[in-house]
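Chain by chain, the residues run as shown.
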Number of protein chains: 2
Amino acid sequence: MSELRIPVFADVEAAAERIAGVAIETPLLENPLLNEDLGARILIKPENLQRVGAFKFRGAYNRLVQFNGQERARGIVAFSSGNHAQGVAAAAQLLGIEATIVMPSDAPEMKVWNTRGYGANVVLYDRVTESREEIAAKITREKGSVVVPPFEDPDIIAGQGTAALEMLRQAHRIGAVFDAFLCPAGGGGLASGCSIVFGELSPNTALYAVEPAGFDDLVRSLQSGHREVNEQLTGSVCDALLTPSTGDLTFSILGNSLDGGFSVTDEEALGAVKYAWQKLKLVVEPGGAVGLAALLYGKLDVKGKTIGLLLSGGNVDESTFVKALSGGLPPVNF
Amino acid sequence: MSELRIPVFADVEAAAERIAGVAIETPLLENPLLNEDLGARILIKPENLQRVGAFKFRGAYNRLVQFNGQERARGIVAFSSGNHAQGVAAAAQLLGIEATIVMPSDAPEMKVWNTRGYGANVVLYDRVTESREEIAAKITREKGSVVVPPFEDPDIIAGQGTAALEMLRQAHRIGAVFDAFLCPAGGGGLASGCSIVFGELSPNTALYAVEPAGFDDLVRSLQSGHREVNEQLTGSVCDALLTPSTGDLTFSILGNSLDGGFSVTDEEALGAVKYAWQKLKLVVEPGGAVGLAALLYGKLDVKGKTIGLLLSGGNVDESTFVKALSGGLPPVNF
């Protein structure tokens, strides 16, 4: 892969202008019960309320809207476990671009169904025995379509960063300053974009990525100083965060900006899904709730602090959601 | 009951000042999938995101904060199926007032549990064989406590109206004008408060109340011109909306301001709960979702229009929520 340009704050600002009026400006929410439970002020950016039910639309639209006429005519290809798929499909539909999405066969049904609902051709592959990159490359060769990667792309990263840009502007309006910010991390596109924004506008905020246990390549990479890889590719309820590792580009950003990271178990992620249902009245998918899980299960001392919490998505199957509501979950740590 | 003063718009404005910074200014949400499904622009006021998970905190706090020192010392009594209970309990807790709440024994566990969580004494009664008014009156005689009624009170009504005041201001900021507004109705406190605000700020908006089937006293009252009563007191999944009838005060307001009303079946209410989970990523209780159900199941022609939709609460038991997600629901009407 050729070396990619590292996006800067101005790229996020430009992305915000491109997506204005198309992406949703999600609100900044605050819940007295959560504040009380944690003894802190938690300001929530609910990207489950974003178009397609996840932040992914931001980056996808920012990338696709910059295509020229010839590129649009050749269509696009993307590979994704689900939320990027929906983001790309919805952006392509709005822009009149033909989209083919390569999705793992174990992706949540809702995500596959929604991706088709946005008019995309869905090609399923086996996450363990097949390579999504090879399948996408084959389609690219045949049709000349452009591949829209899930995170290794300056425009995708800049687009995802608009969530943090909104969040900081919304916090500023209510006079809030973040001591820390927690963000789910899979490939690290969202965390990278948000890091760029916090670095520029709120450099004293401590930035933490949160990953599923067993998929904590980023936490380990931050410790070792070089890009680590996950041993397994399946086996967590947090389907949105199961990538082999961060990319060269995202790790080059995150390695220099994150203050640390945490990992949460499936049980903790499901506990956070239930808490969000019960107290926040929000539908959050397990991978989208890992930051909340980190707070509820005491991974970070937040007493008396102001915390920015990004909930990254809400696309969850019925069976997983019911499991979260009825499960024997670990008691929360307060 | 002595004749009660009919609240006016200035009362709602005063209430808004009293609850500012204590109640949550819930956002105005818009969802592209809902808009597309209905061929309309639906602007959603999600009062499930309000403190206590329902609009009821608005009215309760507006009433209690006006108590003088002696009244506060004697404590308060309220009777409620659940959301008013939580609203009163939370307001009383914030103001350091002792609260006793009389709740039906078939109220959702979560509502009873939460009401106790806000520090209130909960007294359970049988909805069919006992009178909640009598139980409350007995406590009042013994302790000298003031009864805080769920809807027959000018301050309660004015407080609930603040939801519409925020909604219209938020809509104004994005240049939206409502053709119609849909609001759940039990005793009619919320609908009354909102009617006062729309009458003042947006008199051309058509106002509709939505009730559960079998509890459509308001729809029948609007037709007959006098206050009708429901025959049964139990038997709907919309526990938040099961009152014998509107009150003298609320009907005196609603009879002159509503353009009509609709009723929805339990299946339709549960269908709306599922839709809100799946597409809006919001947790809404059946009684809170009746307005959405009216839209989804085609009770009103909304094509091309701008509609205000108030979701009144999100306090729902696990079993009811799971039933909504897994149920064989009527197909939505689009």
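Parameters and conventions
- Residues numbered from 1 in each chain as written.
- Chains lettered and ligands numbered in written order.
- Predicted model: local features only at pLDDT ≥ 70, side-chain atom pairs only at ≥ 80, totals over all residues.
- Heavy atoms only, no water.
- Helix = DSSP H or I, 4+ residues; strand = E, 2+ residues; numbered from the N terminus.
- Rg over C-alpha atoms; globule rule 2.2 N^0.38 Å.
- Buried < 20%, exposed > 50% of the residue type's maximum accessible area, 1.4 Å probe, protein only.
- Contact = heavy atoms within 4.5 Å.
- Areas by Shrake-Rupley, 256 points an atom, 1.4 Å probe, with all protein chains shown as cover.
- Lys, Arg positive; Asp, Glu negative; His and termini not counted.
- Charge placed at Lys NZ, Arg CZ, Asp CG, Glu CD.
- Least-squares fit on C-alpha atoms with pLDDT ≥ 70 in both.
- Salt bridge = Lys/Arg side-chain N within 4 Å of Asp/Glu carboxyl O.
- Core = buried A, V, L, I, M, F, W, Y, C linked by side-chain atoms within 4.5 Å.
- pLDDT = per-residue confidence, 0-100.
- Pairing = 2+ DSSP bridges.
- Phe/Tyr/Trp six-rings, centres within 6.5 Å; stacked < 30°, edge-to-face > 60°.
- Lys NZ or Arg CZ within 6 Å of the ring centre and 35° of its normal.
- Arc of directions from axis to C-beta.
- Axes fitted to C-alpha atoms, helices over the stretch in contact; angles between N-to-C directions.
- Parallel < 35°, antiparallel > 145°, perpendicular 65-115°, else oblique.
- Buried area = accessible area lost by both parts, 1.4 Å probe.
- Polar contact = N/O pair within 3.5 Å; in protein donor to acceptor, adjacent residues only side chain to side chain.

## What to know about the overall build of chain A
Now for step 1: The helix and strand tally for chain A stands at 14 helices and 10 strands.
Now for step 2: Relative to the compact-globule value of 20 Å for 334 residues, chain A shows a C-alpha radius of gyration of 18 Å, a close match.
Now for step 3: In terms of overall dimensions, chain A has C-alpha extents of about 55 × 40 × 40 Å along its principal axes.
Now for step 4: Among the 334 residues that make up chain A, the fraction classed as buried is 64%.
Now for step 5: For chain A, the share of sequence-separated contacts (at least 6 apart) that also reach a separation of at least 24 residues comes to 75%.
Now for step 6: Total accessible area on chain A stands at roughly 12200 Å², and carbon and sulfur atoms take up 48% of it.
Now for step 7: Side-chain charges of chain A comprise 28 positive and 39 negative groups, with the mean position of each set lying 4 Å from the other.

## Brief notes about the relation of the copies chain A and chain B
Now for step 1: Once chain A has been moved 0.0 Å along the axis and rotated by 180°, it coincides with chain B to within an RMSD of 0.0 Å. Interpreted geometrically, this transformation is the action of a two-fold axis. Using C-alpha coordinates, one finds that chain A approaches the rotation axis most closely at A:Leu282, a distance of 2.4 Å.
Now for step 2: Counting the interface residues of chain A, we find that 100% of their copies in chain B are interface residues as well, pointing to one common contact surface.

## Notes on the pattern of salt bridges
Residues and elements named next belong to chain A.
Now for step 1: This model, assessed by the stated rule, comprises 34 salt bridges over all chains.
Now for step 2: A salt bridge links Arg127 to Asp106; the shortest N-O distance between them is 3.0 Å. With Arg127 in the loop between β5 (121-125) and α7 (132-143) and Asp106 in the loop between β4 (99-104) and α6 (109-117), this residue pair connects regions lying 21 residues apart in the sequence.
Now for step 3: Taking the relative accessible area as the measure of exposure, Arg127 reaches 10% and is therefore buried.
Now for step 4: Several salt bridges converge on common partners, so that one network encompasses Lys45, Glu47, Arg58 and Glu166.

## A closer look at the nonpolar core
Now for step 1: A:Leu182, A:Leu292, A:Phe321, B:Leu182, B:Leu292 and B:Phe321 are the most contacted members of the largest nonpolar core, which totals 92 residues.
Now for step 2: The residues contacting A:Phe321, other than those within four sequence positions of it, are A:Val273, A:Trp277, A:Val283, A:Val284, A:Val316, B:Trp277, B:Phe321 and B:Leu325.

## Quick notes on the confidence of the model for chain A
Now for step 1: Residues with a pLDDT of 70 or more make up 99% of chain A, whose mean pLDDT is 94.
Now for step 2: For this predicted complex, the interface score ipTM comes out at 0.95, alongside a pTM of 0.96.

## Brief notes about unusual backbone geometry
Now for step 1: Positive phi, normally seen in glycine, also occurs at A:Lys281, with a value near 65°.
Now for step 2: Relative to the helices and strands, A:Lys281 is located in the loop between α12 (266-280) and α13 (290-296).
Now for step 3: Backbone geometry at B:Val52 places phi at a positive 70°, although glycine is not the residue there.

## Comments concerning the pairing of strand β9 (residues 260-264) of chain B
Residues and elements named next belong to chain B.
Now for step 1: Burial along β9 is one-sided: the face carrying Gly260, Phe262 and Val264 is buried and the face carrying Gly261 and Ser263 is not.
Now for step 2: As paired elements, strand β8 (residues 206-212) and β9 share 5 bridges and run parallel to each other. Within β9, the position partnered with Ala209 by the bridge is Gly261.

## Regarding the sheet that holds strand β9 (residues 260-264) of chain A
Residue and element names in this part refer to chain A.
Now for step 1: If you walk across this open sheet you meet the 6 strands as β1-β2-β10-β7-β8-β9, and the pairing is mixed. Edge positions in the open sheet fall to β1 (29-30) and β9, since each of these has one partner strand only.
Now for step 2: Where strand β2 (residues 41-46) meets strand β10 (residues 306-311), 6 bridges bridge the pair, whose relative direction is parallel. If you follow Ile44 over to β10, its bridge partner there is Leu309.

## Let's talk about the environment of B:Phe251
Residues and elements named next belong to chain B.
Now for step 1: Looking at the secondary structure, you find Phe251 in helix α11 (residues 248-254).
Now for step 2: On the basis of relative accessibility, which here comes to 12%, the residue Phe251 falls in the buried class.
Now for step 3: A C-alpha to C-alpha distance of 9.7 Å links Phe251 and Gly225, two positions 26 residues apart in sequence.
Now for step 4: The residues contacting Phe251, other than those within four sequence positions of it, are Leu218, Ser221, Leu222, Gly225, His226, Arg227 and Thr246.

## Observations concerning the packing of aromatic side chains
Now for step 1: On inspection of all chains with the given rule, the structure shows 11 aromatic pairs over all chains.
Now for step 2: In textbook terms, an aromatic cluster arises when at least three aromatic residues are bridged by ring pairs, as seen for A:Trp277, A:Phe321, B:Trp277 and B:Phe321.
Now for step 3: Geometry around A:Phe57 places A:Arg51 over its ring, the cationic atom sitting 5.4 Å from the centre.

## Topic: helix α1 (residues 9-19) of chain B
Two residues of an α-helix separated by three or four positions point the same way, owing to the 3.6 residues in each turn.
All names here are of chain B.
Now for step 1: Among all positions in α1, only Phe9, Asp11, Val12, Ala15 and Ile19 are buried. Considered in projection along α1, the buried side chains sweep an arc of 155° and stay on one side of the axis.
Now for step 2: Following α1 by one or two positions, Gly21 adopts a phi angle in the positive range, close to 80°.

## Quick word on the packing of α1(B) against helix α3 (residues 56-64) of chain B
Residue and element names in this part refer to chain B.
Now for step 1: At their nearest, the axes of α1 and α3 sit 9 Å apart, and the two run at 90° to each other. The angle between α1 and α3 falls in the class roughly perpendicular. Across from Ala15, Arg18 and Ile19 in α1, the residues of α3 making contact are Arg58, Tyr61 and Asn62.

## Focus: the interface of chain A and chain B
Now for step 1: Counting from both sides, the interface comprises 28 residues of chain A and, opposite them, 28 residues of chain B.
Now for step 2: Buried area between chain A and chain B, summed over both chains or domains, comes out near 2300 Å², and the portion from carbon and sulfur atoms is 70%.
Now for step 3: Per-residue buried area on chain A facing chain B is highest for A:Trp277, A:Lys281 and A:Glu318; these three make up 29% of the total on that side.
Now for step 4: Where chain A touches chain B, the interface holds 2 salt bridges.
Now for step 5: Put simply, chain A and chain B have 8 residue pairs in polar contact (both at pLDDT 80 or more) between them.
Now for step 6: At the level of elements, β1, α2 (32-38), α12 and α14 (318-326) of chain A are the ones that each hand at least two residues to the side of chain A that touches chain B.
Now for step 7: Broken down by element, the residue count for the side of chain A that touches chain B peaks at 5 residues, all from α14(A).

## Looking at the sheet that holds strand β3 (residues 76-79) of chain B
Residue and element names in this part refer to chain B.
Now for step 1: Within the open sheet, the 4 strands sit side by side as β5-β4-β3-β6. Their pairing is parallel. Edge strands, defined here as strands with exactly one partner in the open sheet, are β5 (121-125) and β6 (146-147).
Now for step 2: Relative to β6, β3 is paired through 2 bridges, and the arrangement is parallel. Residue pairing in the sheet places Val77 in a bridge with Val147 of β6.

## Here we look at the environment of B:Gly188
Residue and element names in this part refer to chain B.
Now for step 1: Within the fold, Gly188 resides in the loop between β7 (180-184) and α9 (189-201).
Now for step 2: Note on Gly188: relative accessible area 4%, which makes it buried.
Now for step 3: Separated by 55 residues in sequence, Gly188 and Thr243 place their C-alpha atoms 9.4 Å apart.
Now for step 4: If we ignore the near neighbours within four places in the chain, the residues touching Gly188 are Thr250 and Leu254.

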